[in-house]
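Here are the chains, one letter per residue:
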Amino acid sequence: MNGESKTRITSRSSLIDSIGCGVSIIDEEELKEKIRIPKYLRVAMREAIQSKNPNAGFQQNNADAGGDEVPEAPMVVFVNSKSGGRKGSALQQILQEFISEEQVFDLSVVKPHEFVHYGLACLENLASRGDHSAKETREKLRIIVAGGDGTVGWVLGNLTELFKQNREPVPPTGIIPLGTGNDLSRTFNWGGSFPFPWKSAIKRTLNEAISAPISRLDSWNVVVTMPAGDTPELPHCLRYTEDYTHNQNMEGLPKKTSCFEGVFYNYLSVGMDAQVAYGFHSLRNHNPYLAQGPVANKIIYSSYSCTQGWFCTPCMSTPNLRGLKNILRLYIKKVNCSDWEQVRVPSSVRSIVCLNLHNYGGGRNPWGNLKPQYLEKRGFVEAHADDGLLEIFGLKEGWHASFVMAELISAKHIAQAAAVRMEVRGGDWKKGYMQMDGEPWKQPMHKEYSTFIDIVRAPFQSQMITRE
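Residues numbered from 1 in each chain as written. Predicted model: local features only at pLDDT ≥ 70, side-chain atom pairs only at ≥ 80, totals over all residues. Heavy atoms only, no water.

1. Some points on the packing of helix α7 (residues 112-128) against helix α8 (residues 132-140)
- Put simply, α7 and α8 touch, their axes get as near as 7 Å, and they point 135° apart. By the criterion of interaxial angle, the relationship of α7 to α8 is oblique. Considering only the axes of α7 and α8, their crossing is left-handed. Between α7, through Leu120, Leu123, Glu124, Leu126 and Ala127, and α8, the contact on the second element is made entirely by Ala134, Lys135, Thr137 and Arg138.
- In terms of residue class, the contact of α7 with α8 is made up of five nonpolar, one polar and three charged. (Axes fitted to C-alpha atoms, helices over the stretch in contact; angles between N-to-C directions. Helix = DSSP H or I, 4+ residues; strand = E, 2+ residues; numbered from the N terminus. Parallel < 35°, antiparallel > 145°, perpendicular 65-115°, else oblique. Left-handed = near helix turned anticlockwise from the far one by under 90°. Contact = heavy atoms within 4.5 Å. Nonpolar A, V, L, I, M, F, W, Y, C, P; charged D, E, K, R; others polar.)

2. Some remarks on the pairing of strand β3 (residues 142-147)
- Of all six residues making up β3, six are buried, and the element is well covered by its neighbours.
- Side chains Arg142, Ile144 and Ala146 project from β3 onto one buried face, and the interleaved Ile143, Val145 and Gly147 project onto a second face that is buried too.
- Sheet analysis places strand β1 (residues 75-79) next to β3, joined by five bridges and oriented parallel. Following the sheet pairing, Val77 is matched in β3 by Ile144.
- Note: β3 against strand β4 (residues 173-177), five bridges, orientation parallel. Its bridge partner lying in β4, Ala146 is registered against Ile176.
- Handedness of the β-α-β unit built from β3, helix α9 (residues 149-164) and β4 comes out right-handed. (Buried < 20%, exposed > 50% of the residue type's maximum accessible area, 1.4 Å probe, protein only. Pairing = 2+ DSSP bridges. Right-handed = clockwise from strand over helix to strand, strands pointing away.)

Structure representation (C-alpha cells):
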C-alpha cells in the first residue's frame, strides 16, 4: 500500500471517528483524565477481586500511593461479551484500550457481586485507613453497563446490596445498549442500539455520562412459592431462598414448599409471551450462530412466535393454549391499602404483564398515553418509573399483541397496583411460562396445589444516569 493510500484511509477514519454520533470533537486525553482511576487504586481493586480478598491490594497501595489526582468522574464498565450479536467482546477490547484493563470487566469473568464484595470493599477499606484518594474515588464512582436489559438488571440488583449493608453512596449507572429490546436504555435516553463501527460513539457516551443528571428507578422484589419437589432451572436473575414468610395464610399450598426470589426493573409476565421468549432463548442458546445482532434476533423471535399457537388460538383446543383465566387468580393492593383485592382476569387474555417502565418490547408503550378523563374514570394515575406503581395489562392473541406492539391500540388495561399476587394452579396444565426483564423460565404447575407469585416494591430505588 503506497503512502497516498495510507493517508487517505487515515483521513477517512479520522473523519468518521470525529462525526460518528455528533458534530462535536471530544479530546481523548482530556476525557481519559476525567474518568481514569489512579493506577494504584485500580490495580488494588483488580487484585482484591482476583484473590476474593478486599485486603489484597493494601501492600500494593502502600508502595505506590501518593500524589495521584482523582478524576472528575471515575468510571467502571461492565460488558456482557455475549451481547450485541456477540460483538460485546470487541467493544470490551476498545474500552480496555481507551480507559484501562483494570476498569473494564467482562461479566463472564467478573460477576457484579464480586465487584461489590471485593472491588468496592477494597476502596472502602483503603479509605478507612486514611487514603483520601480512595475515599474520593469511591464517592465519585459511576458505573456503565454494556448489555441488554437483563444484564443491566443483574448489575443493579447487586448494587442494591450496598443499600442493605449501609455502604452508601450507591454508584449511579449508565447504559450502553447491546440487547434486543433495550427498554431500560431507552427509558433513560441512552437509545435502543449502539453504533459499533464508530469509536466516537464510545467517547461520546463516556463523556456524557460524566455530568449527566441522576434519576430514580423503582425495583420490584418477586418471590415465587411452589410445592416442594420440582426444581425449575432458573435464569440468573432468580435464586432459591429459604421458606418465604407470607403476610397472610394462603390456602392451596402444601406443608412443604420451595421458594425462589429475584428483582425486576421493567416487567414480569406470565403466559404466552413468556413461552415464546423461552423458546427463543433455548433456540439461540443451542444455536449461537443465530445471534448475529438485534435485527436478526427480532426476525427469529417473530418467526418463532408463529410456531407456538400465538396466532391460532381459535383453532386449538389443547389446554396450554387456553386463556389464563382458567389457571390464574390475580390480587392487588392499592396505594396506602393493606388488604388484597381480587381483580377479574378477562377470559380472552393469554398473557398478563406487570410493567414498571413506559418502554416494553423494544421501545413500545403498550399501556398507552391515556387521557385524563380515562385515568379518572378507571381510578388510574399517570405512570412513571419511580411512582411505586405497576401497570398491569393483558395481551389476547398474536394479532392483538401485534397491533399493541405497533401502537395502533393499547393493551387490555387491568389495574394499577402497589403490590401484586398471582395464584396459579395447573389443572390440566403441566407447566407454565414466566419471564422477568426478558429472562424466561419454565414453571412446573400442579393440579392439586397452587403456586404463588408475590410482587412488592423494593425499599430502595436505583440511581440511573440519564442522558440529556
